[in-house]
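Structural overview for review
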Amino acid sequence: MEDRIEKILKDANVPFEFIPLPEDLPVDVPSHMKFYRDTMQHALATMIYKTEKGFIAVSRRGDTKVNSKKLREFLGIKRLSLATEEEMTGLGLTPGLVPPLGLEIPLYVDKKVIEADYFYDGTGHKLFGLKMGVKDLLGVNKAIVGDFTTYEERYTKKRVLSGITPSGNTLHLGNYAGAVKPQFDLLEKGVESFYFVADLHALTTIQDRNRLEMCIINNVFDYIALGLDPEKGIYFRQSGVAEHSMLAIVLANYIPFGLTNRMHAFKDKLARGVSKEKINMGLFNYPILMAADILLYKPGGVPVGEDQRQHVEFARETARSFNKAHGEIFPIPDPLIEKGNMSKVVGTDGERKMSKSLGNVVTIFDEEEVIRRQIMGSYTDPNRKHASDPGKVDGNPVFIYHDIVNDDKAEVEDLKRRYREGKVGDVEVKESLFKAHMRKFAEARRKRKELENNIDMAREILEKGAEKARKVAEETIKEVYKIVGITNKLNS
Ligand code: ADP
Ligand code: TRP
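The rules behind these values
Residues numbered from 1 in each chain as written. Chains lettered and ligands numbered in written order. Predicted model: local features only at pLDDT ≥ 70, side-chain atom pairs only at ≥ 80, totals over all residues. Axes fitted to C-alpha atoms, helices over the stretch in contact; angles between N-to-C directions. Helix = DSSP H or I, 4+ residues; strand = E, 2+ residues; numbered from the N terminus. Parallel < 35°, antiparallel > 145°, perpendicular 65-115°, else oblique. Left-handed = near helix turned anticlockwise from the far one by under 90°. Contact = placed C-beta atoms within 7 Å. Nonpolar A, V, L, I, M, F, W, Y, C, P; charged D, E, K, R; others polar. Domains from an automatic or database assignment. Near = placed C-beta within 6 Å.

This part is about the packing of helix α15 (residues 397-405) against helix α17 (residues 426-451). When two helices pack together, their arrangement is captured by the angle between the axes and the distance separating the axes. Viewed as axis vectors pointing N to C, α15 and α17 meet at an angle of 25°, and their least axial separation amounts to 9 Å. Relative to α17, α15 is oriented roughly parallel. As for how α15 packs across α17, the hand of that crossing is left-handed. Taking contact as the criterion, the partners of Val 398, Tyr 401, His 402 and Val 405 in α15 are, on α17, Val 429, Lys 430, Leu 433, Ala 436, His 437 and Lys 440. A per-class count over the contact of α15 with α17 returns six nonpolar, two polar and two charged.

This is the structure in C-alpha coordinates:
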(Lines give C-alpha, C1' and ligand atoms only; values in the text may rest on other atoms or scores of the structure.)
(Ligands and ions follow the chains in the order given, each with its own letter.)
Protein backbone atom coordinates (compact mmCIF):
# COMPACT_ATOMS: atom_id res chain seq x y z
CA MET A 1 0.00 0.00 0.00
CA GLU A 2 2.76 2.53 0.86
CA ASP A 3 4.35 2.06 -2.55
CA ARG A 4 1.08 2.84 -4.20
CA ILE A 5 0.53 5.92 -2.06
CA GLU A 6 4.08 7.08 -2.61
CA LYS A 7 3.60 6.79 -6.37
CA ILE A 8 0.29 8.68 -6.29
CA LEU A 9 1.81 11.52 -4.26
CA LYS A 10 5.01 11.69 -6.30
CA ASP A 11 3.05 11.70 -9.57
CA ALA A 12 0.90 14.49 -8.25
CA ASN A 13 4.03 16.33 -7.18
CA VAL A 14 2.78 17.31 -3.71
CA PRO A 15 4.85 17.43 -0.54
CA PHE A 16 4.31 14.65 2.00
CA GLU A 17 6.20 12.82 4.70
CA PHE A 18 6.26 9.15 5.63
CA ILE A 19 6.99 8.91 9.33
CA PRO A 20 8.59 5.75 10.79
CA LEU A 21 6.64 4.59 13.84
CA PRO A 22 7.83 2.51 16.81
CA GLU A 23 6.76 -1.11 16.67
CA ASP A 24 4.99 -1.02 20.03
CA LEU A 25 2.81 2.01 19.18
CA PRO A 26 -0.84 1.01 19.74
CA VAL A 27 -3.03 1.24 16.64
CA ASP A 28 -5.31 4.06 17.77
CA VAL A 29 -5.48 7.71 16.83
CA PRO A 30 -4.82 9.28 20.29
CA SER A 31 -1.63 7.23 20.72
CA HIS A 32 -0.40 8.31 17.30
CA MET A 33 -1.11 11.97 17.98
CA LYS A 34 0.72 11.75 21.27
CA PHE A 35 3.68 10.31 19.43
CA TYR A 36 3.54 13.15 16.87
CA ARG A 37 3.14 15.66 19.72
CA ASP A 38 0.13 17.11 17.95
CA THR A 39 -3.57 17.52 18.74
CA MET A 40 -6.56 15.47 17.62
CA GLN A 41 -7.67 18.22 15.27
CA HIS A 42 -4.73 17.28 13.03
CA ALA A 43 -5.57 13.60 12.95
CA LEU A 44 -7.48 12.21 9.99
CA ALA A 45 -9.39 9.03 10.67
CA THR A 46 -10.60 7.14 7.64
CA MET A 47 -13.35 4.58 8.07
CA ILE A 48 -15.01 2.15 5.73
CA TYR A 49 -18.79 1.87 5.68
CA LYS A 50 -21.12 -0.49 3.94
CA THR A 51 -24.22 1.04 2.33
CA GLU A 52 -26.92 -0.20 -0.03
CA LYS A 53 -24.92 1.52 -2.80
CA GLY A 54 -21.72 -0.32 -1.92
CA PHE A 55 -18.66 0.41 0.23
CA ILE A 56 -17.53 3.96 0.89
CA ALA A 57 -14.63 5.55 2.78
CA VAL A 58 -15.25 8.46 5.14
CA SER A 59 -12.52 10.71 6.52
CA ARG A 60 -13.15 12.79 9.60
CA ARG A 61 -11.01 14.81 12.00
CA GLY A 62 -9.81 13.06 15.15
CA ASP A 63 -11.73 15.47 17.39
CA THR A 64 -15.06 14.80 15.67
CA LYS A 65 -17.44 11.90 15.35
CA VAL A 66 -19.60 10.87 12.42
CA ASN A 67 -23.25 11.69 12.87
CA SER A 68 -24.86 8.78 11.05
CA LYS A 69 -28.17 10.58 10.48
CA LYS A 70 -26.37 13.51 8.82
CA LEU A 71 -24.23 11.14 6.76
CA ARG A 72 -27.20 9.09 5.61
CA GLU A 73 -29.07 12.23 4.58
CA PHE A 74 -26.02 13.57 2.77
CA LEU A 75 -25.51 10.36 0.83
CA GLY A 76 -29.20 9.85 0.22
CA ILE A 77 -29.06 6.31 1.59
CA LYS A 78 -30.88 4.32 4.25
CA ARG A 79 -28.43 1.64 5.29
CA LEU A 80 -25.13 2.49 6.87
CA SER A 81 -22.89 0.23 8.93
CA LEU A 82 -19.17 -0.01 9.57
CA ALA A 83 -17.46 -2.62 7.40
CA THR A 84 -16.46 -5.81 9.21
CA GLU A 85 -12.86 -6.99 9.36
CA GLU A 86 -13.53 -9.62 6.69
CA GLU A 87 -15.11 -7.06 4.40
CA MET A 88 -12.12 -4.77 4.84
CA THR A 89 -9.68 -7.53 4.11
CA GLY A 90 -11.76 -8.35 1.05
CA LEU A 91 -11.17 -4.77 -0.15
CA GLY A 92 -7.42 -5.23 0.30
CA LEU A 93 -7.31 -3.08 3.43
CA THR A 94 -5.86 -3.68 6.87
CA PRO A 95 -8.50 -3.08 9.57
CA GLY A 96 -7.61 -0.05 11.67
CA LEU A 97 -4.96 1.19 9.23
CA VAL A 98 -6.96 2.62 6.35
CA PRO A 99 -5.11 5.27 4.33
CA PRO A 100 -7.05 8.17 2.78
CA LEU A 101 -5.41 7.60 -0.62
CA GLY A 102 -5.24 4.78 -3.14
CA LEU A 103 -8.72 3.51 -2.31
CA GLU A 104 -10.89 2.06 -5.00
CA ILE A 105 -14.14 3.12 -3.43
CA PRO A 106 -15.65 6.65 -3.19
CA LEU A 107 -14.11 8.86 -0.50
CA TYR A 108 -16.12 11.40 1.49
CA VAL A 109 -14.27 14.01 3.53
CA ASP A 110 -15.91 15.97 6.34
CA LYS A 111 -15.98 19.75 6.05
CA LYS A 112 -14.17 20.31 9.36
CA VAL A 113 -11.08 18.58 7.94
CA ILE A 114 -10.66 21.56 5.63
CA GLU A 115 -10.33 23.96 8.55
CA ALA A 116 -6.90 22.43 9.30
CA ASP A 117 -3.85 22.95 7.08
CA TYR A 118 -2.29 19.52 7.39
CA PHE A 119 -3.11 16.12 8.80
CA TYR A 120 -1.62 12.85 9.90
CA ASP A 121 -3.05 9.54 8.77
CA GLY A 122 -1.92 5.98 8.22
CA THR A 123 -0.36 4.56 5.10
CA GLY A 124 -2.00 1.21 5.62
CA HIS A 125 1.17 -0.05 7.28
CA LYS A 126 1.61 -0.21 11.04
CA LEU A 127 5.16 1.13 10.89
CA PHE A 128 4.63 4.22 8.75
CA GLY A 129 2.53 7.31 9.30
CA LEU A 130 1.70 9.88 6.66
CA LYS A 131 1.72 13.66 7.01
CA MET A 132 0.52 15.93 4.24
CA GLY A 133 -1.51 19.05 3.40
CA VAL A 134 -5.30 18.96 3.46
CA LYS A 135 -5.56 20.88 0.17
CA ASP A 136 -3.15 18.43 -1.45
CA LEU A 137 -5.28 15.49 -0.35
CA LEU A 138 -8.32 17.01 -2.00
CA GLY A 139 -6.30 17.86 -5.09
CA VAL A 140 -4.97 14.34 -5.50
CA ASN A 141 -8.11 12.44 -4.53
CA LYS A 142 -11.49 12.86 -6.07
CA ALA A 143 -13.00 13.26 -2.63
CA ILE A 144 -16.46 14.67 -1.99
CA VAL A 145 -16.67 17.15 0.87
CA GLY A 146 -19.74 17.20 3.11
CA ASP A 147 -20.90 18.19 6.55
CA PHE A 148 -21.58 15.06 8.54
CA THR A 149 -19.74 15.16 11.85
CA THR A 150 -20.08 16.80 15.24
CA TYR A 151 -17.31 17.60 17.68
CA GLU A 152 -16.31 14.93 20.14
CA GLU A 153 -16.88 16.56 23.55
CA ARG A 154 -13.87 14.83 25.03
CA TYR A 155 -11.51 16.67 22.70
CA THR A 156 -13.09 20.09 22.64
CA LYS A 157 -11.58 22.33 25.17
CA LYS A 158 -14.18 23.79 27.40
CA ARG A 159 -12.40 26.32 29.56
CA VAL A 160 -12.60 30.00 28.60
CA LEU A 161 -10.65 33.00 29.80
CA SER A 162 -10.76 36.75 29.34
CA GLY A 163 -9.36 39.90 30.89
CA ILE A 164 -10.45 43.49 31.00
CA THR A 165 -8.09 46.38 31.49
CA PRO A 166 -9.32 48.61 34.33
CA SER A 167 -9.04 52.14 33.05
CA GLY A 168 -11.97 54.03 34.48
CA ASN A 169 -15.54 53.87 35.57
CA THR A 170 -16.93 53.73 32.07
CA LEU A 171 -18.13 50.27 31.12
CA HIS A 172 -20.04 50.96 27.89
CA LEU A 173 -22.49 49.20 25.58
CA GLY A 174 -19.60 48.03 23.37
CA ASN A 175 -17.89 46.29 26.27
CA TYR A 176 -21.21 44.85 27.34
CA ALA A 177 -22.37 43.45 23.98
CA GLY A 178 -18.93 42.46 22.67
CA ALA A 179 -17.38 41.00 25.79
CA VAL A 180 -19.21 41.04 29.13
CA LYS A 181 -22.50 39.52 28.00
CA PRO A 182 -20.91 36.72 25.94
CA GLN A 183 -18.64 35.98 28.92
CA PHE A 184 -21.58 35.78 31.32
CA ASP A 185 -23.54 33.61 28.86
CA LEU A 186 -20.68 31.10 28.74
CA LEU A 187 -20.60 31.01 32.51
CA GLU A 188 -24.34 30.43 32.63
CA LYS A 189 -23.93 27.54 30.20
CA GLY A 190 -21.63 25.89 32.70
CA VAL A 191 -18.35 26.53 30.85
CA GLU A 192 -15.44 26.79 33.28
CA SER A 193 -14.57 30.49 33.17
CA PHE A 194 -11.57 32.55 34.27
CA TYR A 195 -12.16 36.32 34.13
CA PHE A 196 -9.67 38.79 35.47
CA VAL A 197 -8.96 42.48 35.93
CA ALA A 198 -5.79 43.12 33.94
CA ASP A 199 -4.19 45.53 36.40
CA LEU A 200 -0.65 44.92 35.14
CA HIS A 201 -1.81 45.88 31.67
CA ALA A 202 -3.32 49.08 33.10
CA LEU A 203 0.18 50.21 34.11
CA THR A 204 0.83 51.12 30.47
CA THR A 205 -1.37 54.16 31.00
CA ILE A 206 -2.02 54.61 34.73
CA GLN A 207 0.90 55.57 36.91
CA ASP A 208 -0.99 56.80 39.93
CA ARG A 209 -1.62 54.21 42.62
CA ASN A 210 -4.84 55.68 43.94
CA ARG A 211 -6.36 55.97 40.51
CA LEU A 212 -5.30 52.44 39.65
CA GLU A 213 -6.87 51.08 42.81
CA MET A 214 -10.08 52.96 42.09
CA CYS A 215 -10.23 51.58 38.55
CA ILE A 216 -9.71 48.02 39.74
CA ILE A 217 -12.38 48.23 42.41
CA ASN A 218 -14.80 49.86 39.97
CA ASN A 219 -14.33 46.95 37.63
CA VAL A 220 -15.34 44.56 40.39
CA PHE A 221 -18.43 46.64 41.15
CA ASP A 222 -19.35 46.65 37.44
CA TYR A 223 -18.99 42.92 37.00
CA ILE A 224 -20.74 41.96 40.20
CA ALA A 225 -23.55 44.46 39.62
CA LEU A 226 -24.09 43.07 36.11
CA GLY A 227 -24.51 39.64 37.61
CA LEU A 228 -21.16 37.85 37.75
CA ASP A 229 -21.36 35.15 40.37
CA PRO A 230 -17.84 34.81 41.86
CA GLU A 231 -18.75 31.38 43.18
CA LYS A 232 -19.45 30.11 39.65
CA GLY A 233 -16.69 31.86 37.71
CA ILE A 234 -13.09 32.36 38.80
CA TYR A 235 -12.74 36.12 38.99
CA PHE A 236 -9.48 37.69 40.14
CA ARG A 237 -6.86 40.33 39.50
CA GLN A 238 -3.94 39.57 37.24
CA SER A 239 -1.27 40.73 39.71
CA GLY A 240 -2.80 38.40 42.33
CA VAL A 241 -1.32 35.47 40.40
CA ALA A 242 2.43 36.06 40.00
CA GLU A 243 2.63 33.30 37.39
CA HIS A 244 1.29 35.69 34.72
CA SER A 245 4.51 37.70 34.91
CA MET A 246 6.66 34.58 35.24
CA LEU A 247 5.25 33.00 32.10
CA ALA A 248 5.54 36.25 30.13
CA ILE A 249 9.30 36.31 30.71
CA VAL A 250 9.69 32.76 29.40
CA LEU A 251 7.38 33.19 26.41
CA ALA A 252 9.16 36.36 25.28
CA ASN A 253 11.93 34.07 24.06
CA TYR A 254 9.61 32.35 21.63
CA ILE A 255 8.22 35.48 20.03
CA PRO A 256 9.94 37.28 17.17
CA PHE A 257 10.57 41.00 17.54
CA GLY A 258 9.06 41.59 14.10
CA LEU A 259 5.71 40.10 15.09
CA THR A 260 5.50 42.21 18.25
CA ASN A 261 6.50 45.26 16.25
CA ARG A 262 3.43 44.79 14.03
CA MET A 263 0.87 44.68 16.86
CA HIS A 264 -1.70 47.45 16.71
CA ALA A 265 -1.62 48.73 20.32
CA PHE A 266 1.91 49.92 19.66
CA LYS A 267 1.48 50.78 15.99
CA ASP A 268 -1.62 52.89 16.64
CA LYS A 269 0.36 55.10 18.98
CA LEU A 270 3.09 55.50 16.43
CA ALA A 271 0.46 56.31 13.82
CA ARG A 272 -0.94 59.00 16.10
CA GLY A 273 2.44 60.67 15.96
CA VAL A 274 3.78 59.60 19.37
CA SER A 275 7.51 59.10 18.96
CA LYS A 276 9.21 55.81 19.78
CA GLU A 277 11.20 57.68 22.40
CA LYS A 278 7.96 58.25 24.34
CA ILE A 279 6.30 54.84 23.99
CA ASN A 280 6.97 52.70 27.03
CA MET A 281 8.07 49.07 26.77
CA GLY A 282 4.99 48.02 28.73
CA LEU A 283 2.89 48.95 25.72
CA PHE A 284 5.28 47.23 23.34
CA ASN A 285 5.28 44.08 25.50
CA TYR A 286 1.52 44.22 26.02
CA PRO A 287 0.75 41.28 23.68
CA ILE A 288 3.44 39.14 25.31
CA LEU A 289 1.90 39.57 28.75
CA MET A 290 -1.52 38.93 27.23
CA ALA A 291 -0.27 35.72 25.58
CA ALA A 292 0.96 34.63 29.01
CA ASP A 293 -2.40 35.55 30.60
CA ILE A 294 -4.12 33.29 28.13
CA LEU A 295 -1.78 30.33 27.81
CA LEU A 296 -1.25 30.04 31.56
CA TYR A 297 -4.76 28.59 31.89
CA LYS A 298 -4.75 26.55 28.66
CA PRO A 299 -8.22 27.71 27.66
CA GLY A 300 -10.04 26.53 24.53
CA GLY A 301 -11.59 29.94 23.87
CA VAL A 302 -11.08 33.61 24.64
CA PRO A 303 -14.30 35.69 24.54
CA VAL A 304 -13.35 39.23 23.48
CA GLY A 305 -14.37 41.99 21.08
CA GLU A 306 -13.08 42.20 17.52
CA ASP A 307 -10.37 44.71 18.49
CA GLN A 308 -8.65 41.99 20.54
CA ARG A 309 -8.55 39.42 17.73
CA GLN A 310 -5.00 40.32 16.77
CA HIS A 311 -3.83 39.79 20.34
CA VAL A 312 -5.45 36.35 20.55
CA GLU A 313 -3.86 35.51 17.21
CA PHE A 314 -0.53 36.54 18.73
CA ALA A 315 -1.12 34.18 21.67
CA ARG A 316 -1.88 31.36 19.22
CA GLU A 317 1.34 32.06 17.37
CA THR A 318 3.24 32.05 20.65
CA ALA A 319 1.72 28.70 21.63
CA ARG A 320 2.66 27.19 18.27
CA SER A 321 6.20 28.43 18.54
CA PHE A 322 6.62 27.07 22.09
CA ASN A 323 5.01 23.74 21.15
CA LYS A 324 7.30 23.41 18.18
CA ALA A 325 10.29 23.51 20.49
CA HIS A 326 8.91 21.46 23.38
CA GLY A 327 5.94 19.38 22.27
CA GLU A 328 2.25 19.83 22.75
CA ILE A 329 2.20 21.93 25.94
CA PHE A 330 -0.31 24.63 25.04
CA PRO A 331 -3.63 23.98 23.28
CA ILE A 332 -4.24 26.62 20.59
CA PRO A 333 -7.02 28.88 21.92
CA ASP A 334 -9.79 30.17 19.66
CA PRO A 335 -10.90 33.79 19.72
CA LEU A 336 -14.61 33.78 20.61
CA ILE A 337 -15.95 36.88 18.92
CA GLU A 338 -19.60 37.85 18.49
CA LYS A 339 -20.99 37.96 14.97
CA GLY A 340 -22.03 41.07 13.06
CA ASN A 341 -22.60 44.46 14.71
CA MET A 342 -21.89 43.18 18.22
CA SER A 343 -18.28 42.22 17.51
CA LYS A 344 -17.44 45.89 17.14
CA VAL A 345 -20.21 48.13 18.38
CA VAL A 346 -20.09 51.49 16.64
CA GLY A 347 -19.72 54.63 18.76
CA THR A 348 -22.12 57.57 19.03
CA ASP A 349 -20.08 59.30 16.31
CA GLY A 350 -21.45 56.67 13.92
CA GLU A 351 -17.97 56.09 12.61
CA ARG A 352 -15.45 54.47 14.91
CA LYS A 353 -15.78 51.63 17.37
CA MET A 354 -17.26 52.65 20.70
CA SER A 355 -14.31 53.15 23.01
CA LYS A 356 -13.74 54.94 26.28
CA SER A 357 -10.61 56.61 24.91
CA LEU A 358 -12.56 58.08 21.99
CA GLY A 359 -15.36 59.43 24.19
CA ASN A 360 -18.05 58.12 21.79
CA VAL A 361 -19.73 55.94 24.37
CA VAL A 362 -23.09 55.14 25.89
CA THR A 363 -22.13 54.06 29.38
CA ILE A 364 -23.99 51.76 31.73
CA PHE A 365 -23.45 53.18 35.17
CA ASP A 366 -23.18 56.94 34.76
CA GLU A 367 -25.84 59.29 36.14
CA GLU A 368 -29.15 59.25 34.24
CA GLU A 369 -28.58 62.73 32.85
CA VAL A 370 -25.18 61.76 31.43
CA ILE A 371 -26.62 58.71 29.70
CA ARG A 372 -29.55 60.70 28.34
CA ARG A 373 -27.11 63.21 26.85
CA GLN A 374 -25.00 60.43 25.30
CA ILE A 375 -28.06 58.91 23.67
CA MET A 376 -29.64 62.17 22.52
CA GLY A 377 -26.32 63.23 20.99
CA SER A 378 -25.88 60.05 19.05
CA TYR A 379 -25.49 60.04 15.33
CA THR A 380 -28.32 58.35 13.36
CA ASP A 381 -28.86 58.38 9.59
CA PRO A 382 -27.07 61.47 8.19
CA ASN A 383 -29.12 61.50 4.98
CA ARG A 384 -32.40 61.86 6.75
CA LYS A 385 -33.46 65.50 7.12
CA HIS A 386 -37.07 65.14 8.24
CA ALA A 387 -38.98 62.56 10.25
CA SER A 388 -41.01 61.87 7.13
CA ASP A 389 -37.94 60.80 5.08
CA PRO A 390 -37.48 57.03 4.90
CA GLY A 391 -34.46 56.21 7.10
CA LYS A 392 -31.72 53.60 7.17
CA VAL A 393 -31.83 51.10 10.04
CA ASP A 394 -28.87 48.83 9.19
CA GLY A 395 -25.70 50.10 10.80
CA ASN A 396 -27.60 52.98 12.43
CA PRO A 397 -26.09 53.34 15.93
CA VAL A 398 -29.37 53.97 17.75
CA PHE A 399 -30.89 50.77 16.38
CA ILE A 400 -27.78 48.78 17.23
CA TYR A 401 -28.11 50.12 20.79
CA HIS A 402 -31.81 49.18 20.78
CA ASP A 403 -30.80 45.63 19.84
CA ILE A 404 -28.45 45.58 22.85
CA VAL A 405 -30.65 47.06 25.56
CA ASN A 406 -34.27 46.81 24.50
CA ASP A 407 -35.79 43.50 25.52
CA ASP A 408 -39.16 44.57 24.14
CA LYS A 409 -38.48 43.14 20.68
CA ALA A 410 -41.95 44.03 19.38
CA GLU A 411 -41.28 47.69 20.15
CA VAL A 412 -37.90 47.53 18.39
CA GLU A 413 -39.41 45.94 15.28
CA ASP A 414 -42.17 48.52 15.22
CA LEU A 415 -39.69 51.42 15.51
CA LYS A 416 -37.49 49.95 12.78
CA ARG A 417 -40.43 49.52 10.44
CA ARG A 418 -41.70 53.06 11.06
CA TYR A 419 -38.19 54.45 10.65
CA ARG A 420 -37.78 52.77 7.28
CA GLU A 421 -41.14 54.12 6.20
CA GLY A 422 -40.42 57.64 7.44
CA LYS A 423 -43.08 57.45 10.14
CA VAL A 424 -41.08 58.13 13.27
CA GLY A 425 -38.64 60.85 14.28
CA ASP A 426 -35.15 60.42 15.70
CA VAL A 427 -36.23 61.92 19.00
CA GLU A 428 -38.89 59.28 19.62
CA VAL A 429 -36.44 56.49 18.76
CA LYS A 430 -33.90 57.94 21.18
CA GLU A 431 -36.43 58.55 23.94
CA SER A 432 -37.52 54.94 23.83
CA LEU A 433 -33.85 53.86 23.70
CA PHE A 434 -33.16 55.83 26.85
CA LYS A 435 -36.16 54.25 28.59
CA ALA A 436 -35.12 50.78 27.46
CA HIS A 437 -31.57 51.39 28.76
CA MET A 438 -32.95 52.42 32.14
CA ARG A 439 -35.20 49.32 32.27
CA LYS A 440 -32.45 46.95 31.19
CA PHE A 441 -29.90 48.11 33.72
CA ALA A 442 -32.18 49.27 36.57
CA GLU A 443 -31.32 46.31 38.77
CA ALA A 444 -27.59 46.46 37.96
CA ARG A 445 -27.48 50.21 38.63
CA ARG A 446 -29.28 49.77 41.94
CA LYS A 447 -26.97 46.94 42.96
CA ARG A 448 -23.88 48.91 42.02
CA LYS A 449 -24.94 51.83 44.25
CA GLU A 450 -25.37 49.36 47.07
CA LEU A 451 -21.94 47.80 46.53
CA GLU A 452 -20.10 51.08 46.26
CA ASN A 453 -19.54 51.38 50.00
CA ASN A 454 -18.07 47.95 50.20
CA ILE A 455 -14.50 48.15 48.97
CA ASP A 456 -13.36 45.41 51.34
CA MET A 457 -15.80 42.98 49.81
CA ALA A 458 -14.46 43.78 46.32
CA ARG A 459 -10.89 43.12 47.49
CA GLU A 460 -11.97 39.88 49.11
CA ILE A 461 -13.65 38.62 45.94
CA LEU A 462 -10.47 39.23 43.97
CA GLU A 463 -8.31 37.54 46.58
CA LYS A 464 -10.51 34.46 46.83
CA GLY A 465 -10.58 34.19 43.05
CA ALA A 466 -6.79 34.49 42.85
CA GLU A 467 -6.42 31.59 45.26
CA LYS A 468 -8.39 29.37 42.89
CA ALA A 469 -6.66 30.67 39.76
CA ARG A 470 -3.22 30.11 41.31
CA LYS A 471 -3.87 26.38 41.53
CA VAL A 472 -4.06 26.12 37.74
CA ALA A 473 -1.35 28.71 37.11
CA GLU A 474 1.17 26.97 39.39
CA GLU A 475 0.75 23.71 37.50
CA THR A 476 1.51 25.37 34.18
CA ILE A 477 4.56 27.20 35.49
CA LYS A 478 5.93 24.01 37.00
CA GLU A 479 5.48 22.23 33.68
CA VAL A 480 7.00 25.09 31.68
CA TYR A 481 9.98 25.65 33.98
CA LYS A 482 10.75 21.98 33.92
CA ILE A 483 10.55 21.65 30.17
CA VAL A 484 12.73 24.68 29.46
CA GLY A 485 15.24 23.50 32.05
CA ILE A 486 14.75 25.84 34.95
CA THR A 487 14.46 23.98 38.20
CA ASN A 488 14.01 25.63 41.56
CA LYS A 489 11.95 25.12 44.64
CA LEU A 490 8.78 25.51 42.61
CA ASN A 491 9.23 22.36 40.61
CA SER A 492 12.08 20.31 42.02
P1 ADP B 1 -12.15 50.30 25.33
O2 ADP B 1 -11.84 50.20 23.87
O3 ADP B 1 -13.37 51.07 25.57
O4 ADP B 1 -10.96 50.79 26.12
P5 ADP B 1 -11.44 47.75 26.47
O6 ADP B 1 -10.20 47.76 25.66
O7 ADP B 1 -11.32 47.94 27.93
O8 ADP B 1 -12.45 48.83 25.85
O9 ADP B 1 -12.23 46.41 26.15
C10 ADP B 1 -12.74 45.49 27.06
C11 ADP B 1 -13.42 44.39 26.28
O12 ADP B 1 -14.53 44.91 25.55
C13 ADP B 1 -12.52 43.74 25.23
O14 ADP B 1 -12.82 42.36 25.12
C15 ADP B 1 -12.90 44.46 23.97
O16 ADP B 1 -12.62 43.69 22.82
C17 ADP B 1 -14.38 44.67 24.16
N18 ADP B 1 -14.84 45.86 23.44
C19 ADP B 1 -14.40 47.13 23.63
N20 ADP B 1 -15.04 48.00 22.82
C21 ADP B 1 -15.91 47.25 22.08
C22 ADP B 1 -16.86 47.57 21.06
N23 ADP B 1 -17.06 48.82 20.65
N24 ADP B 1 -17.57 46.55 20.53
C25 ADP B 1 -17.40 45.28 20.95
N26 ADP B 1 -16.53 44.91 21.91
C27 ADP B 1 -15.78 45.89 22.48
N1 TRP C 1 -6.22 43.49 26.22
C2 TRP C 1 -7.52 43.29 26.78
C3 TRP C 1 -8.32 44.59 26.71
O4 TRP C 1 -7.76 45.65 26.58
C5 TRP C 1 -7.45 42.83 28.22
C6 TRP C 1 -6.71 41.55 28.40
C7 TRP C 1 -5.53 41.38 29.05
C8 TRP C 1 -7.14 40.28 27.97
N9 TRP C 1 -5.16 40.09 29.05
C10 TRP C 1 -6.11 39.37 28.40
C11 TRP C 1 -8.23 39.80 27.27
C12 TRP C 1 -6.21 38.01 28.12
C13 TRP C 1 -8.33 38.44 27.00
C14 TRP C 1 -7.32 37.55 27.42
O15 TRP C 1 -9.51 44.58 26.81
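Structure's up, so let's keep going.
When the domains of the protein chain are assigned, the result is domain 1 (2-155), domain 2 (160-343 + 458-484) and domain 3 (366-451). A C-alpha centroid distance of 32 Å is found between domain 2 and domain 3. The interface is formed by eight residues belonging to domain 2 together with seven residues belonging to domain 3. Secondary structure elements with two or more residues in the side of domain 2 that touches domain 3: α6 (173-188) and α8 (209-225).

Around ligand 2, the structure places 14 residues, and the nearest of them are Gly 163, Thr 165, Ala 198, Met 290 and Asp 293. Elements that contribute at least two residues to the shell around ligand 2 include exactly β11 (160-164) and α12 (281-295). Ranked by residue count, the leading element in the shell around ligand 2 is β11, at four residues. In the shell around ligand 2, the residues fall into seven nonpolar, six polar and one charged.

Contacts to ligand 1 come from 17 residues, most closely from Gly 174, Gly 178, Ala 179, Gly 305 and Ser 355. Ranked by the residues each element gives to the shell around ligand 1, the list is headed by α6, at four residues.

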